[in-house]
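Fold and geometry: a report
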Amino acid sequence: MEPMDIVGKSKEDVSLPKATMFKIIKEMLPPDVRVARDAQDLLVECCVEFINLISSESNEVCSQEEKRTIAPEHVLKALEVLGFHDYIEEVYAAYEQHKLETLDSPKGGKWGSGAMMTEEEALAEQQRMFAEARARMNGGVAIPKQSEPDRGLES
């Protein structure tokens, strides 16, 4: 891949967090194995190139299907097209695990999956969130919300 193959970025502008990558490298090896800094840097560069390759091929697969958003299925197809057949099952399992882990999060749970809350559930959730925010604002002390006088009775 040429230095300017990444849209609008030079090769030096695109990287992965080195500390995180070094931690992953260290966790994958036996404790008595050391890795030279140059070798760690090379592994990080290889990871960046791999991600670029998979992203590019996923985009090709996506474009062939006349879609505008790369979906997990496009990534799996890209792995197949590029000859990474041995990884497809493991990548799919990781994807399924990710879906399970994010099921309870606000972005991936009830709100992101298209399931709707009833009006009562939404109101209860809103009140709970307001109470949590008030408690945080008051240093962890939950202060009950003061009700405002009914303005309709003051005429």
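In this text the structure is predicted, and so the values were computed from the model without any measurement. (Residues numbered from 1 in each chain as written. Predicted model: local features only at pLDDT ≥ 70, side-chain atom pairs only at ≥ 80, totals over all residues. Heavy atoms only, no water.)

Turning to the overall build of the chain, a few remarks are in order. Each helix and strand in the chain was counted, giving five helices and zero strands. Listing the helices and strands of the chain from first to last along the sequence gives α-α-α-α-α. Here the contacts in the chain between residues at least 6 apart in sequence split such that 31% fall between residues at least 24 apart. Approximately 12,900 Å² of the chain is accessible, and the part contributed by carbon and sulfur atoms is 56%. (Helix = DSSP H or I, 4+ residues; strand = E, 2+ residues; numbered from the N terminus. Contact = heavy atoms within 4.5 Å. Areas by Shrake-Rupley, 256 points an atom, 1.4 Å probe, with all protein chains shown as cover.)

We now examine a nonpolar patch on the surface. Residues Ile24, Met28, Leu29 and Val33 make up a contiguous nonpolar surface patch of roughly 360 Å² in combined accessible area. The topology assignment puts Ile24 in helix α1 (residues 18–28). (Patch = residues over 30% accessible without salt bridge, like charges linked within 9 Å, V, L, I, M, F, W, Y side chains within 5 Å. Salt bridge = Lys/Arg side-chain N within 4 Å of Asp/Glu carboxyl O.)

In this section: α1. For an α-helix, the turn length of 3.6 residues means that residues three or four places apart are oriented alike. Restricting attention to buried positions, one finds in α1 the residues Met21, Phe22 and Ile25. Relative to the axis of α1, the buried residues are bounded by an arc of 100° and lie together on one face. In this structure, α1 carries Ala19, Lys23, Lys26 and Glu27 as exposed residues pointing more than 90 degrees from its buried face. For α1, the elements touching its buried residues are α2 (37–64). (Buried < 20%, exposed > 50% of the residue type's maximum accessible area, 1.4 Å probe, protein only. Arc of directions from axis to C-beta.)

The subject of this paragraph is the packing of aromatic side chains. Going through the model one piece at a time under the given rule, you end up with three aromatic pairs. In this structure an aromatic cluster arises from ring pairing among Phe50, Phe84 and Tyr87. (Phe/Tyr/Trp six-rings, centres within 6.5 Å; stacked < 30°, edge-to-face > 60°.)

Once that is clear, we can look at the confidence of the model for the chain. Here the chain shows a mean pLDDT of 81. Residues at 70 or above account for 74%. Within the chain, helix α5 (residues 119–137) has the poorest average pLDDT of any element, 85, and helix α3 (residues 72–81) the best, 96. Low pLDDT, under 50, characterises residues 108–114; the stretch is placed with twelve contacts to residues that sit more than four places away or in other chains. (pLDDT = per-residue confidence, 0-100.)

What follows covers the pattern of salt bridges. Applying the stated criterion across every chain, the model contains six salt bridges. The partner of Glu80 in a salt bridge is Lys77, with the nearest N and O atoms 3.9 Å apart. Of this pair, Glu80 and Lys77 both sit in helix α3, three residues apart, roughly one helical turn. Salt-bridge contacts for Glu132 lead to Arg128; the nearest nitrogen and oxygen are separated by 2.3 Å. With Glu132 and Arg128 both in helix α5 and four residues apart, the pair spans about one turn of that helix. Here the salt bridges share partners, and the residues they tie into one network are Glu125, Arg128 and Glu132.

Another point: the state of the cysteines. Applying the stated criterion to the full structure yields zero disulfides. Looking at the unpaired Cys46, the closest cysteine sulfur is the one in Cys47, lying at 7.0 Å. Given the relative accessible area of 29%, Cys47 is considered partly exposed. (Disulfide = S-S within 2.5 Å.)

Turning our eyes to something else, we now look at the packing of α2 against α3. Close contact between α2 and α3 brings their axes to 8 Å; oriented N to C, the two are set at 110°. When the interaxial angle is binned, α2 and α3 end up roughly perpendicular. Across the interface between the two elements, Phe50, Ile54, Glu57, Ser58, Val61 and Cys62 from α2 touch His74, Val75, Lys77, Ala78, Leu79 and Val81 from α3. The residue makeup of the contact of α2 with α3, split by class, is eight nonpolar, two polar and two charged. (Axes fitted to C-alpha atoms, helices over the stretch in contact; angles between N-to-C directions. Parallel < 35°, antiparallel > 145°, perpendicular 65-115°, else oblique. Nonpolar A, V, L, I, M, F, W, Y, C, P; charged D, E, K, R; others polar.)

A few words now on the packing of α3 against helix α4 (residues 85–101). Two elements in contact, α3 and α4, have axes whose closest approach is 8 Å; the angle formed by their N-to-C orientations is 160°. Relative to α4, the element α3 lies roughly antiparallel. Between α3 and α4 lies a crossing of right-handed hand. Contacts between α3 and α4 involve Pro72, Leu76, Leu79 and Glu80 from the former and His85, Ile88, Val91, Tyr92 and Tyr95 from the latter. Tallied by class, the residues present in the contact of α3 with α4 amount to seven nonpolar, one polar and one charged. (Left-handed = near helix turned anticlockwise from the far one by under 90°.)

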